[in-house]
Amino acid sequence: MFRVGIITASDKGAAGQREDKSGPVIRELLEAAGQYAVTQYVILPDEREQLRDTMAAWCDQGLVDLILTTGGTGFSPRDFTPEATADVCQRMVPGIPEAMRAASMKITPRAMLTRGVAGIRGGTLIVNLPGSPKAVRENLEVILESLPHGLEILAGTAGECAR
């Protein structure tokens, strides 16, 4: 089982003024896949430092193999999730957000407006998902099948990517 942390970036959610609907969608899809255990979950305000520090702590303490964020990837002046992710990552993984955007563009041209990124810190993969429950589902379904192999490579429990 891969240990997963979910971070919802939402000022209103963190203040208790809005229910987090995207985090539970992530949990639902992961549980249905059967290879993941959500071990960390938090709703944070759209504060770059808090997002960065939480991701770094979870990675550096070895608490999770995968961090999935939701929210904070748009054009709003308070959207800092991609920047916070880039702050903590040692290596970027551009193929994951490229795949998500390519699939989403078939649904809506607005998919080009998401700024989500993915990267690696130590032995943890971090992936930014959009903020809406519908977009979370659509994007996570695109990458879910490939994630286990990437996580196994990262953990050193799998080798070659060739088939």
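These numbers come from a predicted model, not from an experiment.

Caption draft 1: Inspection of the packing of helix α3 (residues 48-60) against helix α4 (residues 81-88) at higher detail. It is the contact of α3 with α4, at a shortest axis distance of 8 Å, that shows an interaxial angle of 40 degrees. Judged by the angle between their axes, α3 and α4 are oblique. For the pair α3 and α4, the crossing hand works out as right-handed. Seen from α3, the contacting residues are R48, L51, R52, M55 and A56; seen from α4, they are T81, E83, A84, T85, D87 and V88. Considering only residue class, the contact of α3 with α4 consists of 5 nonpolar, 2 polar and 4 charged.

Caption draft 2: Up close: helix α5 (residues 95-105). Turning to α5, its buried residues number three or more, namely I96, P97, M100 and S104. The arc enclosing the buried residues of α5, seen along the axis, measures out at 90 degrees, which places them on a common side. Next to the buried residues of α5 lie β5 (118-121), β6 (124-129), α6 (133-143) and α7 (147-155).

Caption draft 3: Examining the pairing of β6 more closely. In terms of residue burial, β6 counts as a mostly covered element, since 6 of its 6 residues are buried. Residues T124, I126 and N128 line one face of β6 and the alternating positions L125, V127 and L129 line the opposite face, and both faces are buried. Of the strand pairs in this sheet, β5 and β6 are connected by 4 bridges, and their pairing is antiparallel. Its bridge partner being in β6, R121 is matched across the sheet by T124.

Caption draft 4: Molecular detail of the packing of α5 against α6. Contact geometry of α5 with α6 gives a least axis separation of 9 Å together with a crossing angle of 125 degrees. One way to sum up the angle between α5 and α6 is to call them oblique. Crossing angle aside, the handedness with which α5 passes α6 is right-handed. Facing I96, A99, M100, R101, A103 and S104 of α5, the residues of α6 in contact are N139, V142 and I143.

Caption draft 5: Focus on the packing of aromatic side chains. With the rule as written, the count across this model stands at 1 aromatic pair. Above the face of the Y41 ring, R27 is positioned so that its terminal group lies 5.9 Å from the ring centre.

Caption draft 6: Layout of the sheet that holds β5. Reading across from one edge, β2-β1-β3-β6-β5-β4 is the order of the 6 strands in this open sheet, with mixed pairing throughout. One side of each edge strand has no neighbouring strand; the edge strands of this open sheet are β2 (36-44) and β4 (91-92). Pairing geometry for β4 and β5, over 2 bridges, is antiparallel. By the bridge assignment, M92 is partnered in β5 with G119. Across the sheet, α7 is in contact with β1 (2-9), β2, β3 (66-70), β4, β5 and β6; its angle to β6 comes to roughly 145 degrees.

Caption draft 7: Structural detail: the nonpolar core. Judged by nonpolar contacts, the single largest core of 23 residues is most densely connected at Y36, L66, L68 and V127. The set of elements that each furnish at least two residues to this core consists of β1, α2 (22-33), β3, α5, β5, β6, α6 and α7. Broken down by element, this core gets its largest block of residues, 4 residues, from α2. Those residues in contact with Y36, other than ones at most four positions away along the chain, are M1, F2, V4, L30, L66, L144, L147, P148 and L151. With 14 residues, the next largest nonpolar core counts A56, V64, I67 and C89 among its residues.

What counts and what doesn't
Residues numbered from 1 in each chain as written. Predicted model: local features only at pLDDT ≥ 70, side-chain atom pairs only at ≥ 80, totals over all residues. Heavy atoms only, no water. Axes fitted to C-alpha atoms, helices over the stretch in contact; angles between N-to-C directions. Helix = DSSP H or I, 4+ residues; strand = E, 2+ residues; numbered from the N terminus. Parallel < 35°, antiparallel > 145°, perpendicular 65-115°, else oblique. Left-handed = near helix turned anticlockwise from the far one by under 90°. Contact = heavy atoms within 4.5 Å. Nonpolar A, V, L, I, M, F, W, Y, C, P; charged D, E, K, R; others polar. Buried < 20%, exposed > 50% of the residue type's maximum accessible area, 1.4 Å probe, protein only. Arc of directions from axis to C-beta. Pairing = 2+ DSSP bridges. Phe/Tyr/Trp six-rings, centres within 6.5 Å; stacked < 30°, edge-to-face > 60°. Lys NZ or Arg CZ within 6 Å of the ring centre and 35° of its normal. Core = buried A, V, L, I, M, F, W, Y, C linked by side-chain atoms within 4.5 Å.

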